[in-house]
Amino acid sequence: MQDIAMYIIEILMNSIYANSNNIICHIEIKTSINQLLIIIEDDGKGMNDELLANVTNPFTTTRKTRKIGLGVAFLQHLCDQCNGDLTIKSKENIGTITVVKLPYDHWDIPPLGNIGQMMMFCIQANADIDFILQYIKDEHTFFFDTKLIKQELGEVNIDEPDILLWIKEYINQGIKGENL
Amino acid sequence: MKSLEDLKKMREKALKKVEMRDVNKKYRVVVGMATCGIAAGARPVLNKLIEELGNNDYPCIVTQTGCIGLCAYEPIVEVFNQEDQTKTTYVHVTPEKAVSILQNHILKDRILTEFTIDSYQK
Ligand SMILES: Nc1ncnc2c1ncn2[C@@H]1O[C@H](COP(=O)(O)OP(=O)(O)O)[C@@H](O)[C@H]1O
Ligand code: FES
Ligand SMILES: [Mg+2]
């Protein structure tokens, strides 16, 4: 796993496959307390208590294609490695919320990676889902909502390749604080 | 510098294109984006495919799929011919191979046999 985006995309893909309509991704860096906080929230089908209790186990998956499910297990491993914390709450037919706390400046923490590309892939995976990205680094805040983009686009699909590429750049510039 | 204003222009451009473009694309190009696909390098492949389709007209759409159950062969790109319902499975795909698939298979109906799963399994 080369970057944090790779871990987050696993959690986002789980939300996408859980038939969510709305998915929120919150990434917050507080350098003063050396914390990287990631919260993924969905309104998908959720998990029952038994599945939730075992979700970090690599042998837990409800897919039929292969007997191991590594997405959540990888994230748990990262948290274990560097004194982080992973908390997942879920209710069937209500949704799931995943909270990750990691030390921001730590030798075992990979770089954040390409967040714009990550969001582009999620939107392309299912354009009917609405995604919100909230990025905060100390005083800087960037907010992105596919609902607003879809409003601007009218009858044009958000998953047209040139729109997707625009979104990727727009988010990456917003994260750096360079948008107009 | 990007601003939300760009979307208005892009919308107008897209609306013009939709009128000219035939609605049914011949091919569907599917990238495996499961855990092992991503770990094996599916992200730069999908990114490249979206970039190519954003800049050129190809008779295909690009979509994603989850686990195909062929981890050892990831990154995997499947090409579905929607006219004759055939499927070609390309394995160990790189961004360069992905462009080659578009330029040969999608544009010229020329299957790149040496990159398909059949030639790897021999
Ligand atoms: N947000 C979610 N909503 C509902 N179920 C989930 C969610 N996240 C994970 N799961 C369940 O946990 C299982 C394990 O997830 P994961 O470790 O990512 O492996 P995989 O996605 O490959 O099955 C999934 O198969 C799914 O049943
Ligand atoms: S886990 Fe590898 S293709 Fe499904
Ligand atoms: Mg998963």
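For the structure, check the block above.
So, here is what we can say about the structure in this document. (Residues numbered from 1 in each chain as written. Chains lettered and ligands numbered in written order. Predicted model: local features only at pLDDT ≥ 70, side-chain atom pairs only at ≥ 80, totals over all residues. Heavy atoms only, no water.)

1. Points about the interface of chain A and chain B
Interface size is commonly expressed as the accessible surface area that is lost when the partners come together.
Here comes step 1: Listed per partner, the contact involves 39 residues of chain A and 34 residues of chain B.
Here comes step 2: Together chain A and chain B conceal approximately 3300 Å² of surface at their shared face, both sides included; 63% is due to carbon and sulfur atoms.
Here comes step 3: The largest share of the area that chain A buries against chain B comes from Gln124(A), Glu152(A) and Trp166(A), three residues that together contribute 19% of it.
Here comes step 4: On inspection of chain A and its partner chain B, the count reaches four salt bridges.
Here comes step 5: Among the ionic pairs, Arg11(B) bridges to Glu155(A), the shortest N-O distance being 2.7 Å.
Here comes step 6: At the boundary of chain A with chain B, the tally comes to 13 residue pairs in polar contact (both at pLDDT 80 or more).
Here comes step 7: At the level of elements, α1 (4-17), α3 (71-81), α4 (115-125), α5 (146-153) and α6 (161-176) of chain A are the ones that each hand at least two residues to the side of chain A that touches chain B.
Here comes step 8: When the residues that make up the side of chain A that touches chain B are grouped by side-chain class, the tally is 20 nonpolar, eight polar and 11 charged. (Contact = heavy atoms within 4.5 Å. Buried area = accessible area lost by both parts, 1.4 Å probe. Salt bridge = Lys/Arg side-chain N within 4 Å of Asp/Glu carboxyl O. Polar contact = N/O pair within 3.5 Å; in protein donor to acceptor, adjacent residues only side chain to side chain. Helix = DSSP H or I, 4+ residues; strand = E, 2+ residues; numbered from the N terminus. Nonpolar A, V, L, I, M, F, W, Y, C, P; charged D, E, K, R; others polar.)

2. Overview of the sheet that holds strand β6 (residues 140-145) of chain A
Residues and elements named next belong to chain A.
Here comes step 1: Overall, mixed pairing links the six strands, which are arranged β3-β4-β2-β1-β5-β6 in an open sheet. Both outer strands of the open sheet, β3 (85-91) and β6, are each paired with one neighbouring strand and no more. Taking the axes of each pair of neighbouring strands and ignoring which way they run, one obtains an average angle of 5 degrees across the sheet.
Here comes step 2: On the sheet, α5 packs against β1 (22-30), β5 (130-137) and β6 and is oriented at approximately 55 degrees with respect to β6.
Here comes step 3: α6 contacts β5 and β6 of the sheet and is inclined by roughly 160 degrees relative to β6. (Pairing = 2+ DSSP bridges. Axes fitted to C-alpha atoms, helices over the stretch in contact; angles between N-to-C directions.)

3. Looking at the packing of aromatic side chains
All names here are of chain A.
Here comes step 1: In the structure shown here, the tally under the stated rule is three aromatic pairs over all chains.
Here comes step 2: Relative to tyrosine 170, the ring of phenylalanine 142 has its centre 5.8 Å away and its plane inclined at 65 degrees; by these criteria the two rings are edge-to-face. Placement of the pair is phenylalanine 142 in strand β6 and tyrosine 170 in helix α6, with a sequence separation of 28 residues. Neither phenylalanine 142 nor tyrosine 170 differs from the other in exposure class; each is buried. (Phe/Tyr/Trp six-rings, centres within 6.5 Å; stacked < 30°, edge-to-face > 60°. Buried < 20%, exposed > 50% of the residue type's maximum accessible area, 1.4 Å probe, protein only.)

4. Side note on the side chain of Lys25(B)
Residues and elements named next belong to chain B.
Here comes step 1: Positionally, lysine 25 belongs in the loop between α1 (5-20) and β1 (27-32).
Here comes step 2: Buried and unpaired, lysine 25 has no salt bridge, with aspartate 57 as the nearest side chain of opposite charge at 5.0 Å.
Here comes step 3: What lysine 25 contacts, discounting residues up to four positions off in sequence, is Tyr58, Pro59, Cys60, Ile61 and Gln82. (Lys, Arg positive; Asp, Glu negative; His and termini not counted.)

5. Here we look at the packing of α4(A) against α6(A)
All names here are of chain A.
Here comes step 1: Following both chains from N to C, one finds α4 and α6 inclined at 145 degrees, their axes separated by 7 Å at the closest point. In the crossing of α4 with α6, the sense of the turn from one axis to the other is right-handed. Taken together, the residues of α6 that come into contact with α4 (itself represented by Ile115, Gly116, Gln117, Met119, Met120, Ile123 and Gln124) are Leu164, Leu165, Ile167, Lys168, Ile171, Asn172 and Ile175.
Here comes step 2: Residues of the contact of α4 with α6, tallied by class, amount to nine nonpolar, four polar and one charged. (Left-handed = near helix turned anticlockwise from the far one by under 90°.)

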